[in-house]
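Chain by chain, the residues:
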Amino acid sequence: GLDDMGFETPTPIQEMAIPIILDGNDLIGCAQTGTGKTAAFLLPVLNKMVWDPIAATDTLIIVPTRELALQIYQALQGFCYHTNITSQVVYGGTDGISFEQEKKALLHGANVVIGTPGRLIAHMNMGNLKLENLRHLILDEADRMLDMGFVEDILKIIGKAPKKRQTLMFSATMPPKIRQFAAKLLHEPKEISIAVSKPAERV
C-alpha cells in the first residue's frame, strides 16, 4: 500500500485528497504546483490499480505542457518502481521516432498515459489511444489549459472515455469558466482548496 512507498507525513492536500479519491469520488482541487498534488492524485489511483489491475489504459492525465507531463511522469516512475504498472508520456514538438514509440506503448495499452491535448488528439485520430476501459481521468492545471485554448480538444478526448469513471480536476485558480468546465466533466465532485504556505510577508 501507500506506506511501502516511503511516505511518512502527507502534505495538507494529500491528507484531504487521498481519502476522497480512494472513496471513488470525483474531485475538484484548487491547488498550485508545489503543494504535493502530484502524489495526492497518483498515489490513490496507483493503489487502486495495484489491487485491481487491467491490461489496458486505466488512467489518463491531461496537462497543458510538456514540462508538466515529464514532471508527473518522473514522479510516476518513482512510485511505480515495485509494481507492474506500465506508463507512457506523450507530447508534441518531437521527432517521428518518439511518435512511433508513443504509438507502440499506447497500442500496447499503457496503464497510465500522461499527455498534452494536441498530441493526445493526434494519437486518438490515428486509433492509437484507446479509452474504452478508462477508469480515471485527471486534468492538471486546468485553468492554464483553458487559457491556452484546449477546451475543444479536451472535450473531444473525454468524449471517447466511459461516462462511468472517476474524474479529478486540479486548477490553481477557480474562475467561473473553470466551474462551468468542471460541471460538464465531473459528477457530484467533492471540493478542496489548498493555499501554498509561504513565509509571512514582512511589513
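Here the structure is a predicted model, which is why all the values come from computation and not from measurement.

## Topic: the overall build of the protein
For the protein, the helix and strand inventory stands at eight helices and seven strands. The C-alpha atoms of the protein give a radius of gyration of 16 Å, which matches the 17 Å a tight globule of 203 residues would have. When burial is assessed residue by residue, the protein has 51% of its 203 residues classed as buried. Contacts in the protein between residues far apart in sequence, at least 24 positions, make up 79% of those at least 6 positions apart. For the protein, the accessible area works out to roughly 10500 Å², and carbon and sulfur atoms hold 53% of it.

## Overview of unusual backbone geometry
Not every positive phi belongs to a glycine, and Glu141 is a case in point at roughly 55 degrees. With respect to the element layout, Glu141 can be found in the loop between β5 (136-139) and α6 (142-147). Despite not being glycine, Glu188 shows a phi value in the positive range, around 40 degrees. Positionally, Glu188 belongs in the loop between α8 (176-185) and β7 (190-193).

## Comments concerning the packing of helix α4 (residues 96-107) against helix α5 (residues 117-125)
Packing of α4 against α5 leaves a shortest axis separation of 11 Å and a crossing angle of 65 degrees. Of the two elements, α4 crosses α5, and the hand of that crossing is right-handed. Of the residues in α5, those in contact with Ser98, Phe99, Glu102, Lys103 and Leu106 of α4 are Arg119, Ala122 and His123. Considering only residue class, the contact of α4 with α5 consists of three nonpolar, two polar and three charged.

## A closer look at the side chain of Thr38
Among the structural elements, Thr38 can be located in helix α2 (residues 37-51). In this structure Thr38 touches Ile72 and Ala75, once residues within four positions along its chain are discounted.

## What to know about the nonpolar core
Membership of the largest hydrophobic core comes to 33 residues, with the highest contact counts inside it found for Phe41, Leu46, Ile61 and Ile114. Secondary structure elements with two or more residues in this core: α1 (12-22), α2, α3 (66-79), β4 (112-115) and β6 (166-171). Each residue touching Phe41, except ones within four places of it in the same chain, is listed here: Ile21, Ile61, Ile72, Ile138, Asp140, Leu168 and Phe170.

## Here's the deal with the pattern of salt bridges
Where side chains of opposite charge bring their charged atoms close, a pairing between them can arise. What the rule picks out here adds up to seven salt bridges. The salt bridge partner of Asp52 is Arg135, with a shortest N-O separation of 3.0 Å. Separated by 83 residues along the polypeptide, Asp52 in the loop between α2 and β2 (59-62) and Arg135 in the loop between α5 and β5 bring together distant segments of the chain. Residues Glu141 and Arg144 are paired through a salt bridge, measuring 3.2 Å at the closest nitrogen-oxygen approach. The exposure class assigned to Arg144 is partly exposed, which follows from its relative accessible area of 40%.

## Some thoughts on the pairing of strand β1 (residues 27-30)
Neither face of β1 is exposed, since Leu27 and Gly29 on one face and Ile28 and Cys30 on the opposite face are all buried. Summarising the sheet, β1 and β6 pair through four bridges and their orientation is parallel. The residue of β6 that forms the bridge with Gly29 is Phe170. In terms of strand pairing, β1 meets β7 through four bridges, oriented parallel. Note that in β7 the partner of Gly29 across the bridge is Ile192.

## Notes on helix α7 (residues 151-158)
Within α7, burial applies to Ile154, Ile157 and Ile158. The buried residues of α7 occupy an angular sector of 95 degrees when projected down its axis, which confines them to one face.

## Structural notes on the sheet that holds β4
Strand order in this open sheet of seven strands is β3-β4-β2-β5-β6-β1-β7, and the pairing throughout is parallel. In this open sheet, the two edge strands, each paired with only one partner strand, are β3 (87-90) and β7. Averaged over neighbouring strand pairs, the angle between their axes works out to 10 degrees when direction is ignored. Where β3 and β4 come together, four bridges link them in parallel fashion.

## A short note on the side chain of Asn111
Residue position: Asn111 is located in the loop between α4 and β4. From its side chain, Asn111 meets the backbone oxygen of Ala56 in a polar contact 3.1 Å long. Discounting chain neighbours no more than four positions away, the residues touching Asn111 are Met49, Ile54, Ala56, Thr57, Asp58, Thr59, Asn84, Ile85 and Thr86.

Criteria and cut-off values
Residues numbered from 1 in each chain as written. Predicted model: local features only at pLDDT ≥ 70, side-chain atom pairs only at ≥ 80, totals over all residues. Heavy atoms only, no water. Helix = DSSP H or I, 4+ residues; strand = E, 2+ residues; numbered from the N terminus. Rg over C-alpha atoms; globule rule 2.2 N^0.38 Å. Buried < 20%, exposed > 50% of the residue type's maximum accessible area, 1.4 Å probe, protein only. Contact = heavy atoms within 4.5 Å. Areas by Shrake-Rupley, 256 points an atom, 1.4 Å probe, with all protein chains shown as cover. Axes fitted to C-alpha atoms, helices over the stretch in contact; angles between N-to-C directions. Left-handed = near helix turned anticlockwise from the far one by under 90°. Nonpolar A, V, L, I, M, F, W, Y, C, P; charged D, E, K, R; others polar. Core = buried A, V, L, I, M, F, W, Y, C linked by side-chain atoms within 4.5 Å. Salt bridge = Lys/Arg side-chain N within 4 Å of Asp/Glu carboxyl O. Pairing = 2+ DSSP bridges. Arc of directions from axis to C-beta. Polar contact = N/O pair within 3.5 Å; in protein donor to acceptor, adjacent residues only side chain to side chain.

Purely geometric stuff here, so don't read any function into it on its own.
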